[in-house]
Amino acid sequence: MSATNLTMTNSTLLLPQYHKYLNGAPVPFSRRTRRNSELCLVVLVFISMTIICFGALFYLPEFKASYGGTFNNVYKHIQNAGPELLLPAHGNSRHDGVLEDPHAAWDKQALEAKIDEDYSDKRKVLERPDTGNTIKQHIINNSFISEPVVNVEHIETSQTNEMSELRQRRNKVKEMMKHGWDNYVKYAWGKNELKPVSKRDHSGSVFGSASMGATIVDSLDTLLIMGLHDEYKLGRDWVANNFTLENVKIDISVFETNIRFIGGFLTCFAMTGDTVFRDKAEYIAKKLLPAFQTPTGIPYSLVNLKSGNSKNYLWASGGSSILSEFGTLHLEFVYLSDITGNDIYRQKVDTIRQFVRSLDRPNGLYPNFLNPITGKWGQRHVSLGGLGDSFYEYLLKAYIQSNGKDLVARDMFDDAMASVMDNLVQTSSNGLTYLADMRFDRLEHKMDHLSCFAGGMFALAGETLGSDAAKHYTDLGASLTETCHVAYDKTPTKLGPEAFRFTDNYEAVAVRGNEKYNILRPETIESYFVLWRLTHDNKYREWGWEAVQAFEKHCRVSGGYSGIKDVYQIDSSKDDVQQSYFFAETLKYLYLLFSDDSLIPLDKWVFNSEAHPLPVKERNSQYRMHQ
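Residues numbered from 1 in each chain as written. Predicted model: local features only at pLDDT ≥ 70, side-chain atom pairs only at ≥ 80, totals over all residues. Heavy atoms only, no water.

The name given to the protein in an unreviewed UniProt entry is alpha-1,2-Mannosidase, and the organism recorded there is Melanaphis sacchari. Taken verbatim from the UniProt record of the protein, the Function (unreviewed entry) comment is "Involved in the maturation of Asn-linked oligosaccharides. Progressively trim alpha-1,2-linked mannose residues from Man(9)GlcNAc(2) to produce Man(5)GlcNAc(2)." The heading Subcellular location (unreviewed entry) in the UniProt record of the protein holds the text "Endomembrane system". (UniProt positions renumbered as here; feature names shortened; annotations may be inferred.)

Spelled out as structure tokens, the structure:
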């Protein structure tokens, strides 16, 4: 074999054969055939290298620590997302029509932390709010305080159209509140009350010309309940920065100061936890303590904030103290002791109760006047209207506030009501039930508008009694409330008079000229609210809406809301006073009447005589007991 042949043989054995045969002769592969094979090889090599590189990078310890957990969590999040991935994204930021990258300004570390937080295995779940107790945080004066979530649309158990109607009615009451409040802010800010016709401050209020901001304090919890948080913050800041009694040199009412100022501040403290309100409440209570310095412990009606000198009204039966005034301190003073740890306030009201309980009562009834020096009853005048009303209310509500543990208060209430039903509850010839007054053992067949609160009180007593007498209480409450509605319905304005009488010729009608006015009082509306909550009879909501329309038609002016002088005249003149209790009570009860029961539920809150809700002990987490 020649060298050439050997070389050819070796090359044939060692080198790849790039030939194919055509008609028995060897022919080289075409260029196209050779390119396909090479590309396949290159692709395989590239895929292999990519997998190797990616795996090497991913399993580097430093890389794994930084990104491994993040990718895993993102992957889990994508798995959990399911069909939501098919929905179009929305809410992307735009600037000049161009989508912006929300992460563009973040550094890598911040981005990693954010992803890990958002997609951690402990996924965050939004809880459904409870409108009765849920708290949301608001920044006030650069610090967080809690406020009740009350500006939500409450869930109604009725049909959709009924829900819409309720929402409209509730929003109407809210608009009324804002109208009156905005005008007070504009024309009388810091003063006690507004003259809405004259559009200036009202210096003839129960607190005189002193700038105590009675309307501000009375309105705060209503603003919170209605969700008017900007207005609330304005009032709260005024209280924190401007409220003081140091420059008040007049004699002020212990009763009115307690139910409006102390009661209003205590409610705001319970609702928000803001200690400004607790401290202001105690500051005022200390100013009132000199009034309790009597031989019996029964406080005087008036105290001078500058000197501490105390006295009673000259007209009050020989200088007597008034039953409804010294008997309407218990709720506020007991709660104040519980949240401050200072027992002096509880001691003061316990002394009052013990002394009153020890006295003999004519016909089992409590007269309206008691001398704080001699401890003797004054004029024999008994009423569940003016001068007597809230004494009985606070016996029942002290029992409720204590979560049923204040049995002394309950026994005193039930004993008193047994005598009231025997002596004062009357029925007209047409079957209307009313509460008469008694003077020297003689009945006066007149019922004050102030007495119309008793419908709600008796119904509440029946709800909480739990005995055979409960139904009698409940039925009496409903009957009294219907009578008060009749008194409203018989007037052309559909607003009730200050007092109405029952004679052979008249039933539930004001006869005397000085009984025909309406000064925006809340008592009838209060009973509508309580009866609605306890019975869910829709007539109470309809009666309340009638009152809203009447207030709008006859009491609304460009500067707020005014009382009228004669409810029997369509075009009655105005009294030009926007009462602070119109915000604290009337509008609050109307708003709650058209709200769900879970907003200020009656098993967790009890309303003081100015409609400031105080928490029920052991039932309400917002009681905020001093530790």
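Q: Would you take a moment to explain the sheet that holds strand β21 (residues 507-509) for this structure?
A: In sheet architecture, strand pairing relies on hydrogen bonds along the backbone and comes in two forms, parallel and antiparallel. Pairing within the open sheet is antiparallel, and its three strands lie in the order β19-β20-β21. A strand with exactly one partner marks an edge of an open sheet, and here the two such strands are β19 (446-448) and β21. Across the sheet, the mean angle from the axis of one strand to that of its neighbour is 25 degrees, orientation sign disregarded. Pairing geometry for strand β20 (residues 499-502) and β21, over two bridges, is antiparallel. Across the sheet, residue phenylalanine 502 finds its bridge partner in β21, namely glutamate 507. Its contacts with the sheet place helix α16 (residues 470-489) against β19, β20 and β21, and it is angled at close to 105 degrees to β20. (Pairing = 2+ DSSP bridges. Helix = DSSP H or I, 4+ residues; strand = E, 2+ residues; numbered from the N terminus. Axes fitted to C-alpha atoms, helices over the stretch in contact; angles between N-to-C directions. Contact = heavy atoms within 4.5 Å.)

Q: Where do I start with the nonpolar core in this structure?
A: The nonpolar side chains of a soluble globular protein tend to be buried, and buried together. Grouped together as the largest cluster of nonpolar side chains are 146 residues, with contacts concentrated most on Val239, Val356, Tyr366, Tyr392, Met417, Met457 and Leu587. When residues of this core are assigned to their parent elements, the largest contribution, 11 residues, is made by helix α8 (residues 254-272). Methionine 457 has contacts with Leu384, Tyr392, Glu393, Leu396, Phe413 and Met417, leaving out every residue within four places of it along the chain. (Core = buried A, V, L, I, M, F, W, Y, C linked by side-chain atoms within 4.5 Å. Buried < 20%, exposed > 50% of the residue type's maximum accessible area, 1.4 Å probe, protein only.)

Q: Explain the sheet that holds strand β11 (residues 310-311) to me, please; I cannot follow it from the model alone.
A: An order of β9-β10-β11 is seen for the three strands of this open sheet, with the pairing classed as antiparallel. Looking at the sheet topology across the chains shown, the edges are occupied by β9 (251-253) and β11. Bridge count between strand β10 (residues 302-304) and β11: two bridges; the pairing is antiparallel. Its bridge partner being in β11, valine 303 is matched across the sheet by serine 310. Taken strand by strand, α8 contacts β9 and β10, and its axis lies near 60 degrees from that of β9.

Q: In this structure, what is going on with the packing of helix α18 (residues 539-554) against helix α19 (residues 580-593)? I would like to understand it.
A: To describe two helices that pack against each other, one gives the angle between their axes and the distance between the axes. Contact pair α18 / α19: the axes reach a minimum separation of 9 Å and the direction vectors enclose 135 degrees. With respect to each other, α18 and α19 are oriented oblique. Viewed along their axes, α18 and α19 form a crossing whose handedness is left-handed. Residues Tyr540, Arg541, Gly544, Val548 and Phe551 of α18 lie in contact with α19, whose contacting residues are Phe582, Thr586, Leu590 and Leu593. (Parallel < 35°, antiparallel > 145°, perpendicular 65-115°, else oblique. Left-handed = near helix turned anticlockwise from the far one by under 90°.)

Q: Looking at this model, I keep getting lost on the pairing of β20. Mind explaining?
A: Within a regular strand, the side chains alternate between the two sheet faces. Along β20, one buried face is formed by Ala499 and Arg501 and the opposite face, lined by Phe500 and Phe502, is buried too. Pairing geometry for β19 and β20, over three bridges, is antiparallel. Among the inter-strand pairings, aspartate 448 is bridged to a residue of β20, identified as alanine 499. Counting the residues between successive antiparallel strands, the hairpin from β20 to β21 contains four residues.

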